[in-house]
Amino acid sequence: MIFNFLNEVMFSIIRQEARWNEMKKLLLITTGGTIASSPSDEGLIPALNSQELLSILGLREEHIQLDCEDLLNLDSSNMQPEEWKLIARRIYEVYADYDGIILTHGTDTMAYTASALSFMLHNLPIPVILTGSQLPLLHPLSDGVDNIRLAFAAAQCALHGVYICFNRKLMLGTRAVKVRTMNFDAFESVNAQPIGIVDARGLHIYEKDAISLKGKCELYDDLCEDVYLMKLTPGMNPEILDVLANMNYRGIVIEAFGSGGIHFIRRDLISKLEEIVAKGISVVVCSQCLYENSDFSIYQTGQKVLRHGVIQGYDMTSEACLTKLMWALGQTADPQTVKEIFATNYVNEITLK
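Predicted model, so just to flag it, every value in this text is computed and none were measured.

**Q** It is not clear to me how helix α2 (residues 50–57) should be interpreted in this structure. Could you clarify?
**A** Owing to its 3.6 residues per turn, the α-helix brings residues three or four apart onto one side. Residues of α2 that are buried include every one of Ser 50, Leu 53, Leu 54 and Leu 57, and no others. Projected down its long axis, α2 carries its buried residues within an arc of 95°, all on one side. Within α2, the exposed residues directed more than 90 degrees away from the buried face are Gln 51 and Ser 55. In this fold, the buried residues of α2 make contact with β1 (24–32), β4 (64–74), β5 (100–104) and α5 (144–155). Two or three places before Gln 51, at the start of α2, stands the capping residue Asn 49, its side-chain oxygen 3.1 Å from that residue's backbone nitrogen. One or two positions beyond α2, positive phi appears at Gly 58, with a value near 65°.

Here is the structure:
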């Protein structure tokens, strides 16, 4: 069994290296972020354009035909659904002209952007690789050099869909989560192994875990921005849900305790959820725990929640739950159809029972 696994890895390396010997046409899209930042009187701000980034990197381009585009110049804290749509539409406009696309992006909201793009760009036949850095590329010790070089390598692989590469790991866009604020190993692949890793043998891709194509590439870029992510805390007042309903929120993601626990003694959140769902608001419940899945069948509290019509998030990340709900509500106003969307695995974002 170990021999077969090693064989699979080695053949993957050989296949990928063979592809790198072919001339590839790539597009570098920049959106700002730490990787493009320089000092100012108010701290670091995005400043470098794509040509300046490339001049610092000193990439060899023997097997690459490279185009560059400076689409945005933002700290990723300011990256919002409007920007996700802009990026998705631009990728959809040009993807047929390229073998791969590299998208530089700030780290703080990179996982949200990657998840949103994953749902908006169905059956994307080329790899779109998001990357960035914890230290600006102008810094002599920046991690951005390795990250963007890996992104260029991954963009030349026979992959489909959206990925994040960081600290010598290539991760599904819907499974990557930022877990560290300062460490260069800023992202983890949650509840799914990385799609690719770099070691002394080079980059190897685990193709069986990558995204597979299921049809023609389509852009579905309608998003509902009226979706709220809530972390459950002991003693939370159920009336907070009334406030969200009165603000016309159409969807709520709740990070519940453990495998899906929600309190109903003294402060009855479960009855309040029943009221909210009856109003046509879609509610998705996932776990506060970073790893493993929620399972409402185990405890009384979870089974009560299921009976009141909430949607299970299973092992999805909070970022994927939020963006998938925004995307689902952008496609339909019918709560039952939203449930059906969450019962569908589109880009390996969820492990369904």
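**Q** Sorry if this is basic, but what is going on with the nonpolar core here?
**A** Side chains of nonpolar character tend, in soluble globular proteins, to be buried together. The biggest cluster of nonpolar side chains holds 87 residues, and the ones touching the most others in it are Ile 91, Leu 117, Leu 124, Leu 130, Tyr 163, Leu 170 and Phe 187. Per-element tally for this core: the top contributor is helix α9 (residues 318–331), with eight residues. Every residue in contact with Tyr 163, bar those within four places of it in the chain, is listed here: Val 128, Ile 129, Leu 130, Leu 170, Met 171, Leu 172, Gly 173, Ile 195, Ala 210 and Ile 211. Within the second largest apolar cluster, 19 residues are counted, among which are Leu 244, Ile 276, Ile 281 and Val 283.

**Q** Teacher, can you tell me more about the packing of aromatic side chains here?
**A** Each aromatic ring pair is specified by the distance between its two centres and by the angle formed by the two planes. Across all of its chains, the model carries five aromatic pairs by this definition. With centroids separated by 5.7 Å and ring planes inclined at 75°, the aromatic side chains of Tyr 228 and Tyr 249 adopt a geometry described as edge-to-face. Taken together, the residues span a long stretch of sequence, with Tyr 228 in strand β15 (residues 227–231) and Tyr 249 in the loop between α6 (239–246) and β16 (251–256) at a distance of 21 residues. The exposure class of Tyr 228 is partly exposed, given its relative accessible area of 35%. An aromatic cluster of three or more residues is present, and its members are Phe 119, Trp 327 and Tyr 346.

**Q** Quick question: what am I supposed to make of the sheet that holds strand β18 (residues 311–312) here?
**A** Note: strands within a sheet are paired through backbone hydrogen bonds, in either parallel or antiparallel orientation. One open sheet accounts for four strands, arranged β15-β16-β17-β18; its pairing is parallel. What marks the edges here is a single partner per strand, and that holds for β15 and β18. Across six bridges, β16 lies against strand β17 (residues 282–287) in parallel orientation. In the sheet register, Ile 252 faces β17, and the bridge partner there is Val 283.

**Q** Looking at this structure, I do not really get the layout of surface pockets. What am I missing?
**A** Empty space left among the atoms is revealed by rolling a probe the size of a water molecule over them. There is about 310 Å³ of room inside the second largest pocket. Looking at side-chain class alone, the lining of the second largest pocket contains four nonpolar, eight polar and three charged residues.

**Q** So what exactly am I meant to see when it comes to the pairing of strand β12 (residues 196–199) here?
**A** Successive residues of a regular strand alternate their side chains across the two faces of the sheet. Pairing between strand β9 (residues 169–172) and β12: two bridges, direction antiparallel. Pairing of Lys 169 across the sheet is with Ile 197, part of β12. Relative to strand β13 (residues 202–205), β12 runs antiparallel, the two being bridged by four bridges. Across the sheet, the residue bridging to Ile 197 is His 204, located in β13. In textbook terms, the turn of a hairpin is the stretch between consecutive antiparallel strands, and for β12 and β13 this stretch comprises two residues.

**Q** What is the right way to read the sheet that holds β5 from this model?
**A** The mixed open sheet is built from eight strands, whose spatial order is β4-β1-β5-β7-β8-β9-β12-β13. Strand pairing shows two members of the sheet lacking a second neighbour, β4 and β13, which therefore form its edges. Each strand of the sheet is rotated relative to its neighbour by a mean of 20°, with strand direction disregarded. Pairing of strand β7 (residues 127–131) with strand β8 (residues 161–166), which is carried by four bridges, proceeds in the parallel orientation.

The rules behind each value
- Residues numbered from 1 in each chain as written.
- Predicted model: local features only at pLDDT ≥ 70, side-chain atom pairs only at ≥ 80, totals over all residues.
- Heavy atoms only, no water.
- Buried < 20%, exposed > 50% of the residue type's maximum accessible area, 1.4 Å probe, protein only.
- Helix = DSSP H or I, 4+ residues; strand = E, 2+ residues; numbered from the N terminus.
- Arc of directions from axis to C-beta.
- Contact = heavy atoms within 4.5 Å.
- Polar contact = N/O pair within 3.5 Å; in protein donor to acceptor, adjacent residues only side chain to side chain.
- Core = buried A, V, L, I, M, F, W, Y, C linked by side-chain atoms within 4.5 Å.
- Phe/Tyr/Trp six-rings, centres within 6.5 Å; stacked < 30°, edge-to-face > 60°.
- Pairing = 2+ DSSP bridges.
- 1 Å grid on protein atoms, 1.4 Å probe; cavity = no way out; pocket = protein on both sides within 12 Å on 5 of 7 lines; lining within 4 Å.
- Points joined across faces, edges and corners; volume = space filled by probe spheres on them.
- Nonpolar A, V, L, I, M, F, W, Y, C, P; charged D, E, K, R; others polar.
- Axes fitted to C-alpha atoms, helices over the stretch in contact; angles between N-to-C directions.

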